[in-house]
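Structural characterization, general
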Amino acid sequence: MIYGVCKRRPHFVTNQDGIMHNSQPVYRRILLKLSGEALMGEGDYGIDPAVILRIAGEIHELLEAGLEIGLVIGGGNIFRGAGLAQGGMDRVTGDHMGMLATVINSLAMQDALEKLGSKCRVMSALQINQVCEDYIRRRAVRHLEKGRVVIFAAGTGNPFFTTDSAASLRAIEMGVDIMLKATKVDGVYDSDPVKNPAAKRYQRIAYDDAINQKLAVMDATALVLCRDQGMPLRVFNLNRPGNLVKVAMGQDVGTLVE
């Protein structure tokens, strides 16, 4: 299934190596999934201002180029509900606390984007009217159409669902062309590349293969949602500056799951 791509007339530039490449996004609308840990930088906890500003800078660049951008951020840098549940806390309580952690990260990203001049809205699946908007699908689509980054906070609003599942759900609801999963590695491997230096990276892989091989792409619920709705997914390394822009410009970075 081919999703609607950006209909702007392609513009090509030559980089320092003399290679021609597209300088405009090839997509109309994307959803970017960030882990909370991506915001920590080299720290063990919280948010590294330099890291969040760099990521915001790449998002701002794409927004300026006319791309419509949705964003889902995890909360693992602050709180992980499933972890405390293993320690004896009620799972539902822990998951609700984790949802609130994603709101904190979303507000931080909103602040970073607005400092760069981007218009941004945080929409929460939990009602927190004093700090952000409630998630309403039609309103979210309208924000995107008006050129605003929309950050979807608080997961799905339900316990037992990860932010990966929330990202898949919002990507489908928003009708994006592709979902981008930002990680700390260069794509999807047949085994953990940190533990196995000989691990093989896939350039492309089918959803069924990723599910059957239990590859650490996203949780199974998120993968099945994307598979059943024909939503392509690209997994790439966010720690390499410029990768997000390269992906949006159509370069073959990371792994494509479809």
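Please refer to the structure placed before this passage.
Here's what I pulled together on the structure shown here. (Residues numbered from 1 in each chain as written. Predicted model: local features only at pLDDT ≥ 70, side-chain atom pairs only at ≥ 80, totals over all residues. Heavy atoms only, no water.)

A few words on the environment of Val176. The residue Val176 is located in the loop between helix H5 (163–174) and strand S8 (178–183) in this model. By relative accessible area, Val176 is classed as buried at 1%. Once the C-alpha coordinates of Val176 and Ile30 are considered, the two residues, 146 residues apart in sequence, prove to be 5.0 Å apart. (Helix = DSSP H or I, 4+ residues; strand = E, 2+ residues; numbered from the N terminus. Buried < 20%, exposed > 50% of the residue type's maximum accessible area, 1.4 Å probe, protein only.)

A few words on helix H4 (residues 137–145). Among all positions in H4, only Ala140, Val141, His143 and Leu144 are buried. Down the axis of H4, the buried side of the element spans an arc of 155°, and every buried residue falls inside it. Looking at the buried residues of H4, the elements they touch are strand S3 (29–34), strand S4 (68–73), strand S5 (120–124), strand S6 (133–134), strand S7 (149–153) and H5. (Arc of directions from axis to C-beta. Contact = heavy atoms within 4.5 Å.)

This part covers helix H7 (residues 220–229). Listing the buried residues of H7 in full gives Ala222, Leu223 and Cys226. Buried positions in H7, seen along its axis, are confined to an arc of 95° and lie on one side of it. Residues of H7 that are buried sit in contact with H5, S8, helix H6 (207–212) and strand S12 (233–237). For H7, the N-terminal capping position is held by Asp219, with its side-chain oxygen 3.1 Å away from the main-chain nitrogen of Thr221. Among the residues trailing H7, Gly230 stands out with phi positive, at a value near 65°. (Polar contact = N/O pair within 3.5 Å; in protein donor to acceptor, adjacent residues only side chain to side chain.)

One non-glycine residue, Ala154, lies in the positive phi region at around 65°. When you line up the elements, Ala154 lands in the loop between S7 and H5. Residue Ala154 is classed as buried on the basis of its relative accessible area of 0%. With a phi close to 55°, Lys214 is a non-glycine residue in the positive phi region. Under the relative-accessibility criterion, Lys214 is labelled exposed at 75%.

So, on to the packing of aromatic side chains. Scanning all chains against the criterion turns up one aromatic pair. Relative to Phe152, the ring of Tyr135 lies with its centre 5.7 Å away and its plane at 80°, an arrangement referred to as edge-to-face. Here Phe152 lies in strand S7 and Tyr135 lies in the loop between S6 and H4, a separation of 17 residues in the sequence. The burial state of Tyr135 is the same as that of Phe152; both residues are buried. Above the plane of the ring of Tyr135 lies Arg170, whose end atom (NZ or CZ) is 3.8 Å from the centre. (Phe/Tyr/Trp six-rings, centres within 6.5 Å; stacked < 30°, edge-to-face > 60°. Lys NZ or Arg CZ within 6 Å of the ring centre and 35° of its normal.)

Counting 41 residues, the largest nonpolar core has Leu32, Leu34, Ile59, Met109, Ile151 and Phe236 as the members making the most contacts within it. At the level of secondary structure, the elements contributing two or more residues to this core comprise S3, helix H1 (49–64), S4, helix H3 (91–115), S5, S7, S8 and helix H8 (243–248). Here this core takes seven residues from H1, the largest share from any one element. If we skip the residues at most four places from it in the chain, Ile151 touches Leu71, Ile73, Ser106, Met109, Gln110, Leu113, Cys120, Arg121, Val122 and Met123. Formed by 29 residues, the second largest nonpolar core is a distinct cluster that contains Ala171, Val176, Ile205 and Ala210. (Core = buried A, V, L, I, M, F, W, Y, C linked by side-chain atoms within 4.5 Å.)

The nine strands lie next to each other as S6-S5-S7-S4-S3-S8-S12-S13-S11, forming an open sheet whose pairing is mixed. Each edge of the open sheet is held by one strand with a lone partner, namely S6 and strand S11 (204–205). In this structure, S12 lies alongside strand S13 (residues 255–257), joined through three bridges in antiparallel fashion. When the sheet's bridge partners are listed, Arg234 is paired in S13 with Leu256. (Pairing = 2+ DSSP bridges.)

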